[in-house]
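So you can see what is in the structure, the chains are spelled out below.
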Amino acid sequence: MYCIQNPAIDLHNHFWVKDRPARFSSQRKDLNTVLESMKRAGIDICALTSDKDYRYERVVEEALKERKREIECFENCVVVDSKVIFRGEEVYTDKGSIVLVGLKKTIWQPRKTRQLVEALKIGKSRKAFILVPHPFLSMGGVKEAIEETIRYADAIEISPYCSKQVNKGVRDFSREKGLPAVCTSDARHPRETGRGFFVSLGEFEFKDGEEAVQKLKECVRNGMENYQRPANLFEIARYLVLSGMAK
Ligand SMILES: [Zn+2]
């Protein structure tokens, strides 16, 4: 049994940019980097979020070669140094992106764009935590499909890339619909870890990965506190350049 008191949770963190082009990615991209940035920012639970790639799989596979005995490996997450790291996946659909946390297997396939409802149904049937990232952002948000999306979602995101006004709209919308709104980092660099997260109030107890995802859903429903530092201009520029490249 694992137990974390009042965990700080970030459900949307890429930690670094895409593998290409090389000039953007001089930093190490391994589990130690993830753990160091989580420790520095005081994050206990995160979703290492793939971005049209296999970063979670690659990072975990490599780490297991070196420190297998220190890592508790479940199908949908690893527990190491008292930190929980979920498989996160940003799924780019025909109507905007969603983030699935705690899938046991990636559903990404190169050059395949999924239908939004198909991706939501997969997330639901596989008991993933479904997060709607930056719902009203013109680049990547589900926007007009928001009503359809929230029928499946566990939370919507207060994004560090959105203005105060847009995020206020997200909070108002979440209250109106009775759907939790959570802060995340949506980080593209380990340094950005900690700029958005929420704290679950109470004990986060679980015995395996499946139960941990269940607990995530419970803790956003039962009350948590959000924390955010909005992205600075450099971080927004990086986000825009990379979003453009991803197309
Ligand atoms: Zn993202």
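One structure accompanies this document, and this report is about it.

1. Looking at the pairing of strand E2 (residues 8-13)
Looking along a regular strand, one sees side chains alternate from face to face of the sheet.
Next, step 1: Where burial is concerned, most of E2 is hidden: six out of the six residues are buried.
Next, step 2: Sheet topology note: the E2/strand E3 (residues 45-51) ladder contains three bridges and is parallel. Within the sheet, the bridge partner assigned to Ile-9 lies in E3 and is Ile-45.

2. Quick notes on the environment of Leu-31
Next, step 1: Of note, Leu-31 is situated in helix H1 (residues 31-41).
Next, step 2: Distance from Leu-31 to Val-60, taken between C-alpha atoms, is 6.9 Å for residues 29 residues apart in sequence.
Next, step 3: Ignoring any residue separated from it by four or fewer positions in sequence, one finds Leu-31 in contact with Val-59 and Ala-63.

3. Let's talk about the nonpolar core
Next, step 1: Ranked by internal contacts, the top residues of the largest apolar core, which has 62 residues, are Ile-98, Val-101 and Leu-131.
Next, step 2: With five residues, the top contributor of residues to this core is helix H6 (residues 209-222).
Next, step 3: If near-sequence neighbours (up to four positions away) are discounted, Ile-98 is found in contact with Val-91, Thr-93, Ala-119, Leu-120, Ile-130, Leu-131, Val-132 and Thr-149.

4. Quick look at the pairing of strand E7 (residues 96-101)
Next, step 1: For E7, the tally of buried residues reaches six of six residues, placing the bulk of the element in the interior.
Next, step 2: Residues Gly-96, Ile-98 and Leu-100 line one face of E7 and the alternating positions Ser-97, Val-99 and Val-101 line the opposite face, and both faces are buried.
Next, step 3: The pairing of strand E6 (residues 83-93) with E7 spans six bridges and is classified as antiparallel. From the neighbouring strand, Thr-93 faces E7, where its bridge partner is Gly-96.
Next, step 4: Adjacent in sequence and paired antiparallel, E6 and E7 are bridged by two residues.
Next, step 5: With three bridges joining them, E7 and strand E8 (residues 129-132) adopt antiparallel strand pairing.

5. So, the environment of Val-213
Next, step 1: Mapped onto the elements, Val-213 comes out in helix H6.
Next, step 2: Spatially, the C-alpha atom of Val-213 lies 6.3 Å from that of Gly-102, the residues being 111 residues apart in sequence.
Next, step 3: Residues contacting Val-213, with those up to four places away along its chain left out, are Asn-76, Gly-102, Lys-127, Ala-128 and Phe-129.

6. Some points on unusual backbone geometry
Next, step 1: Within the chain, Lys-52 stands out as a residue other than glycine whose phi angle is a positive 55°.
Next, step 2: You will see that Ser-82, though not glycine, has its phi angle at about 65°, which is positive.
Next, step 3: Here Ser-82 lies in the loop between strand E5 (77-80) and E6.
Next, step 4: Overall, Ser-82 belongs to the exposed group, with 12 C-beta atoms counted inside 10 Å.

7. Looking at helix H5 (residues 164-177)
Next, step 1: Over its 14 residues, H5 runs 20 Å from end to end, which matches the ideal 20 Å to within 8%, given 1.5 Å per residue.
Next, step 2: Those residues of H5 that fall on the buried side of the exposure criterion are Asn-167, Val-170 and Ser-174. For H5, the buried positions fall inside an angular range of 50° around the axis, keeping them on one side. Looking at H5, the residues exposed on the side facing more than 90 degrees away from the buried face are Gln-165, Lys-168, Asp-172, Arg-175 and Glu-176.
Next, step 3: One or two steps after H5, the chain reaches Gly-178, where phi turns positive at roughly 70°.

Conventions adopted
Residues numbered from 1 in each chain as written. Predicted model: local features only at pLDDT ≥ 70, side-chain atom pairs only at ≥ 80, totals over all residues. Buried ≥ 20, exposed ≤ 12 C-beta atoms within 10 Å, placed from the backbone. Helix = DSSP H or I, 4+ residues; strand = E, 2+ residues; numbered from the N terminus. Pairing = 2+ DSSP bridges. Contact = placed C-beta atoms within 7 Å. Core = buried A, V, L, I, M, F, W, Y, C linked by C-beta atoms within 7 Å. Expected span 1.5 Å × (residues − 1). Arc of directions from axis to C-beta.

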